[in-house]
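An overview of the molecular structure
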Amino acid sequence: MVDSPILITGGAGFIGSHLADALLARGHAVRVLDNLSTGKRSNLALTNPRLELIEGDVADAALVARAMSGCKAVAHLAAVASVQASVDDPVATHQSNFIGTLNVCEAMREHGVKRVIFASSAAVYGQNGEGMAIDEDTPKAPLTPYAADKLASEHYLDFYRRQHGLEPAVFRFFNIFGPRQDPSSPYSGVISIFTERAQAGLPITVFGDGEQTRDFVYVGDLVQVLVQALEADWLEAGPVNVGLNRATSLKQLLTAIGEVLGEMPTVNYAEARAGDIRHSRANNARLLLRYEFPVATPLREGVARLMGR
Ligand code: NAD
Ligand code: UD1
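Residues numbered from 1 in each chain as written. Chains lettered and ligands numbered in written order. Predicted model: local features only at pLDDT ≥ 70, side-chain atom pairs only at ≥ 80, totals over all residues. Heavy atoms only, no water.

Per an unreviewed UniProt entry, the protein is named NAD-dependent epimerase/dehydratase family protein, and its organism is Metapseudomonas lalkuanensis.

This is the structure in structure tokens:
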């Protein structure tokens, strides 16, 4: 019998490629649809005959429908993940970040595929709940085209759930980090930027006083949850925050990097970024209720793996 693959849109990217590895290791066949805009072939185990890469765009409805054919489930992760890119070019990023979702929903309907994981973001809360553990019912305040596209995607997935029986598992990721996260833009994840610069012996710039906090989740821990959502017999509706309910300041992050390197990196302090959120932390009660969350990888260990130590 031919094994039905799980489709991962954005599967050549940071989070998607770790999910692909985990699914292959669990015996699933995997089909990746990715336009390789930020994703890389080298992130994928392409010599594995159970992995297929389709190079193309989620904004292309016909291609998404072809990629969906014969799949048993979908992880929809493809998006322009840079918030700044969405501010600079809302029209172009909308094609990936919203139209892509709609195309996935339609293709699922056409091919009778039910289960879909969606990578939403803590960005949907904007600055609401700042300084508190943000739960899923916190009022939404999408402040950028990126956040608006994520929230609209959530609503459309819920429409397809009610109307067409789709089984969406919507996850609002807080700050995910780990190997393969692209450090190349100033708006890349802070851990990828800091570790890359520290390893190259370059100075690190902290925007603000370094006391701002984030809820950092190691990618391997996130992926274990995504796998459960893909394999579960039944899913409860409603979005799920993915965070540890743990606040780590940038200063604590720098200390962890210094410990792994054996010396403290050189740090410059600059003006805080306009609109920067000071404290972001997830109430993760729903995550812990619905999924078996692994013992969280400690920040220092995750940083060490990222730095290949
Ligand atoms: P990433 O840039 O490494 O992955 C995104 C992937 O999607 C890339 O491989 C890229 O080539 C692909 N892609 C982009 N536009 C596409 C298109 N139009 N058609 C086909 N493929 C396309 O970023 P990531 O951090 O792995 O993000 C994965 C998902 O998680 C994204 O939806 C992102 O918005 C979401 N997310 C990430 C974080 C985080 O902390 N990394 C936080 C919240 C949400
Ligand atoms: C993250 C997401 C963003 C989302 C937001 C919602 C990433 C890359 N960004 O932004 O998509 O809208 O959560 O909560 O996941 N910093 C420095 N120096 C640097 C880079 C960053 O000091 O070189 C600081 C930033 O000013 C910020 C903190 O580090 O205070 C974290 O930055 P970043 O990793 O970009 O994540 P968020 O701002 O949380």
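That shown, we press on.
This paragraph deals with the UniProt feature "domain: NAD-dependent epimerase/dehydratase" (unreviewed entry) in the protein. Using the residue numbers shown here, the UniProt feature "domain: NAD-dependent epimerase/dehydratase" (unreviewed entry) corresponds to residues 6-243. Within residues 6-243, the helical portion is 38% and the strand portion 21%, while the C-alpha atoms at the span's ends are 25 Å from each other. (UniProt positions renumbered as here; feature names shortened; annotations may be inferred. Helix = DSSP H or I, 4+ residues; strand = E, 2+ residues; numbered from the N terminus.)

Right, let's talk about the site of ligand 2 for a bit. V190, T205, F207, R214 and D276 are the nearest of the 18 residues found near ligand 2. Between ligand 2 and D276 there is a distance of 2.5 Å, counted from an oxygen atom to a side-chain nitrogen or oxygen. Here ligand 2 loses 85% of its free accessible area of 730 Å² to cover by the protein chains. Among the residues making up the shell around ligand 2, the classes are represented as 10 nonpolar, five polar and three charged. (Near = heavy atom within 4 Å. Polar contact = N/O pair within 3.5 Å; in protein donor to acceptor, adjacent residues only side chain to side chain. Areas by Shrake-Rupley, 256 points an atom, 1.4 Å probe, with all protein chains shown as cover. Nonpolar A, V, L, I, M, F, W, Y, C, P; charged D, E, K, R; others polar.)

Which parts of space are left empty comes out when a probe the size of a water molecule is rolled across the atoms. Throughout the structure, instances matching the rule amount to one cavity of 30 Å³ or more. Considering only enclosed or pocket space, the largest cavity measures out at about 30 Å³ in volume. If you trace the largest cavity, you find it lined by P168, A169, V170, F171, E236, G238, V240, R290 and Y291. Broken down by element, the lining of the largest cavity gets its largest block of residues, four residues, from strand β7 (residues 167-173). Looking at the lining of the largest cavity, its residues break down into six nonpolar, one polar and two charged. (1 Å grid on protein atoms, 1.4 Å probe; cavity = no way out; pocket = protein on both sides within 12 Å on 5 of 7 lines; lining within 4 Å. Points joined across faces, edges and corners; volume = space filled by probe spheres on them.)

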